[in-house]
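# A structural walkthrough
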Amino acid sequence: MRFFGTTWVGHDGGYGLRRAGVAAGALAAAVAGCLVLRFAYQGLAVADVGGFVNALVVVMFAICSAVAFRKTWEGFTRRPIGSAAEDSLRSLKAIGFIGSLLAYFFRSLTEAPGEKLRREEYETARSQYEKRRGARTGNPAARKGKGGKSKRK
């Protein structure tokens, strides 16, 4: 949502262009991350650490990316609860950054990432405001006192 400002509310102010830019940027960053990981893997091959370590690194990045994708995707539909479990996954999500970037890319194809969650919160807050505002209409000094009589004569 940080790239969209308030354009997600009315889908104005270049919202579609921003969404396309975010999707392209996330995909480009994921591709660049894959290239960096490939160079790291080639470094392991040059060091001749063995097939077991190579397979372990590939599996580790695949699992971390899958977990990061899932947690990032869930973050678009509900607020994180801020528990210790979420904090302990922070390093796992950093290792699997490609999964987070891909989740961001796929979500930007349909909406601004996190837009649905923010829209629900916005509509709830707006309806609560309207309800509070509607209850305060009129002049409080002109309201009727006890017994149905007006205070003013």
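Structural data are supplied above this passage.
A brief look at the structure comes next. Just so we're clear, the structure is a prediction, and the values are computed from it rather than from any experiment.

A count of helical and extended segments in the protein chain gives seven helices and zero strands. For the protein chain, the α and β elements follow one another from N to C terminus as α-α-α-α-α-α-α. In the protein chain, of all internal contacts separated by at least 6 residues, the share reaching a separation of at least 24 is 72%. Split by element, the accessible area of the protein chain, about 10,500 Å² in all, is 63% carbon and sulfur.

The next thing to look at is the side chain of Thr 72. Here Thr 72 lies in helix H3 (residues 51–75). Setting aside anything within four residues of it in sequence, one finds Thr 72 in contact with Ser 100 and Ala 103.

What follows covers the pattern of salt bridges. Any two side chains of opposite charge can pair, so long as their charged atoms come close to each other. Per the stated rule, a full pass over the model turns up two salt bridges. Residue Arg 70 pairs with Glu 74 through a salt bridge whose shortest N-O separation is 3.3 Å. Taken together, the residues Arg 70 and Glu 74, both in helix H3 and four residues apart, mark about one turn of the helix. For Lys 71, the salt bridge identified is with Glu 74, shortest N-O distance 3.7 Å. Residue Lys 71 and its partner Glu 74 are located together in helix H3, separated by three residues, close to a single helical turn. With respect to class, Lys 71 is no different from Glu 74; both count as buried. In this structure, a network of salt bridges that share partners links the residues Arg 70, Lys 71 and Glu 74.

Turning next to the packing of aromatic side chains. The full count for this structure, using the stated rule, is five aromatic pairs. Ring geometry for Phe 69 and Phe 106: centres 6.5 Å apart, planes at 70°, overall edge-to-face. Of this pair, Phe 69 sits in helix H3 while Phe 106 sits in helix H6 (residues 97–108); the two residues are 37 residues apart in sequence, bridging distant segments of the chain. An aromatic cluster is defined as three or more aromatic residues linked by ring pairs; in this entry it consists of Phe 69, Trp 73, Phe 76, Tyr 104, Phe 105 and Phe 106. Its guanidinium or amino end placed over the ring of Trp 73, Arg 107 lies 4.5 Å from that ring's centre, counting from NZ or CZ.

Together, Leu 27, Val 31, Leu 35 and Phe 39 line one region of the surface with nonpolar side chains, adding up to about 370 Å² of accessible area. Positionally, Leu 27 belongs in helix H2 (residues 15–47).

About the thresholds
Residues numbered from 1 in each chain as written. Predicted model: local features only at pLDDT ≥ 70, side-chain atom pairs only at ≥ 80, totals over all residues. Heavy atoms only, no water. Helix = DSSP H or I, 4+ residues; strand = E, 2+ residues; numbered from the N terminus. Contact = heavy atoms within 4.5 Å. Areas by Shrake-Rupley, 256 points an atom, 1.4 Å probe, with all protein chains shown as cover. Salt bridge = Lys/Arg side-chain N within 4 Å of Asp/Glu carboxyl O. Buried < 20%, exposed > 50% of the residue type's maximum accessible area, 1.4 Å probe, protein only. Phe/Tyr/Trp six-rings, centres within 6.5 Å; stacked < 30°, edge-to-face > 60°. Lys NZ or Arg CZ within 6 Å of the ring centre and 35° of its normal. Patch = residues over 30% accessible without salt bridge, like charges linked within 9 Å, V, L, I, M, F, W, Y side chains within 5 Å.

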